[in-house]
Amino acid sequence: MNLYDLKFSGCKSCFACKVKGGKNNGDCVVNDDLKPVLQAIDSADAVILGSPIYFGDITAESRAFFERFMFQVLNYEGPAFMDSKKKIGCIYTMNAPESYVADIAGKYEMLFGLFHQHVGYVAATETLQSDKYDRFYVGDAANEAYKKQRRETVWPETMEQAYELGKKVAS
Ligand SMILES: Cc1cc2nc3c(=O)[nH]c(=O)nc-3n(C[C@H](O)[C@H](O)[C@H](O)COP(=O)(O)O)c2cc1C
């Protein structure tokens, strides 16, 4: 499921998912393209969220998904209205080097871990971004040769790590 294919918003704090005696407790009532995704997740054991890192965080669409997925089961005393915790895996891609990963991954490990079981993450760092750098004004920082070499050598290892994460989340 590619979130960019859907039209949806983040949480609007309507609280309809937590009305006393309400019939929608634990379920986001916002009726947009994300609703069937959240419904499918209801009966799933696990979720893997993959996102590029934009300006130091997951993308706007990923964050909107995250808000809706998480807030529907929150009641400020902890998780509520939940039949079971989901196993969560995260995959990040970014231009920055490995040293930037811990802050971002640690934040989502903590946040997902509030209500679910964060199983692990994989980060693809210093990604190629484009195979046609000469077409764009991206400056020296792009370092095309270095990134192409990483694509050849590091990317296959990262794919292997992603496969192992998938196995762990599914087990
Ligand atoms: C709007 C925007 C903001 C970005 N911000 C960051 C950032 O803060 N840190 C970073 O490491 N990479 C940043 N990037 C780079 C993306 O993370 C990178 O293009 C993405 O991981 C996709 O890489 P790929 O196309 O090689 O898979 C940004 C890219 C865009 C388009």
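Here the structure is shown first, and the text comes after it.
Heads up: these notes are all about the structure in this document.

Calculation notes
Residues numbered from 1 in each chain as written. Predicted model: local features only at pLDDT ≥ 70, side-chain atom pairs only at ≥ 80, totals over all residues. Heavy atoms only, no water. Helix = DSSP H or I, 4+ residues; strand = E, 2+ residues; numbered from the N terminus. Buried < 20%, exposed > 50% of the residue type's maximum accessible area, 1.4 Å probe, protein only. Contact = heavy atoms within 4.5 Å. Areas by Shrake-Rupley, 256 points an atom, 1.4 Å probe, with all protein chains shown as cover. Polar contact = N/O pair within 3.5 Å; in protein donor to acceptor, adjacent residues only side chain to side chain. Salt bridge = Lys/Arg side-chain N within 4 Å of Asp/Glu carboxyl O. Near = heavy atom within 4 Å. Expected span 1.5 Å × (residues − 1). Pairing = 2+ DSSP bridges. Axes fitted to C-alpha atoms, helices over the stretch in contact; angles between N-to-C directions.

Once that is clear, we can look at the overall build of the chain. From N to C terminus, the chain includes 5 helices and 4 strands. Listing every helix and strand of the chain by position from the N terminus yields α-β-β-α-β-α-β-α-α. Here the C-alpha coordinates of the chain stretch approximately 60 × 35 × 25 Å along the principal axes. Across the 171 residues in the chain, those meeting the buried criterion constitute 39%. Long-range contacts, defined as pairs at least 24 residues apart, comprise 74% of the intrachain contacts of the chain with a sequence gap of at least 6. Put simply, the chain shows about 10,500 Å² of open surface, and 53% of that area lies on carbon and sulfur atoms.

Our next topic: the side chain of Asp32. Structurally, Asp32 is set in the segment before α1 (35-42). At 3.2 Å, the side chain of Asp32 forms a polar contact with the backbone nitrogen of Ser9. Among the polar contacts listed, one links the side chain of Asp32 to the side chain of Arg68, at a separation of 3.0 Å. Every residue in contact with Asp32, bar those within four places of it in the chain, is listed here: Lys7, Phe8, Ser9 and Arg68.

Take the pattern of salt bridges next. Enumeration according to the criterion identifies 6 salt bridges in this entry. Across the salt bridge formed by Asp32 and Arg68, the nearest N and O atoms sit 3.0 Å from each other. You can see Asp32 sitting in the segment before α1 and its partner Arg68 sitting in helix α2 (residues 60-71), a full 36 residues away along the chain. On the basis of relative accessibility, which here comes to 17%, the residue Asp32 falls in the buried class.

This part is about the site of the ligand. Every residue lining the ligand is accounted for by Pro52, Ile53, Tyr54, Phe55, Gly56, Thr93, Met94, Asn95, Ala96, Thr127, Leu128 and Gln129. Taking Met94, its main chain carries an N or O atom lying 3.3 Å from an oxygen atom of the ligand. One of the side-chain N or O atoms of Thr127 is found 3.0 Å from an oxygen atom in the ligand. Protein contact buries 67% of the 630 Å² of open area that the ligand shows by itself. The element that contributes the greatest number of residues to the shell around the ligand is strand β1 (residues 46-54), accounting for 3 residues.

Attention now moves to α2. When the terminal C-alpha atoms of α2 are compared, their 16 Å separation across 12 residues agrees well with the 16 Å that a helix rising 1.5 Å per residue should span. When we look at burial in α2, the residues that qualify are Ser62, Ala64, Phe65, Phe66, Arg68, Phe69, Met70 and Phe71. The inward-facing, buried residues of α2 contact α1, β1, β2 (57-58), β3 (87-93) and α3 (101-115).

What follows is about the side chain of Arg68. Residue Arg68 is classed as buried on the basis of its relative accessible area of 1%. If we skip the residues at most four places from it in the chain, Arg68 touches Phe8, Ser9, Gly10, Cys11, Cys28, Val30, Asp32, Leu34, Lys35 and Leu38.

The next point concerns the sheet that holds strand β4 (residues 117-124). Strand order in the open sheet made by the 4 strands is β2-β1-β3-β4, with mixed pairing throughout. Each edge of the open sheet carries a strand with a single partner, namely β2 and β4. Where β1 meets β2, 2 bridges bridge the pair, whose relative direction is antiparallel. In the sheet register, Tyr54 faces β2, and the bridge partner there is Asp57. Seen against the sheet, α3 touches β1, β2, β3 and β4 and runs at an angle of roughly 160° to β4.

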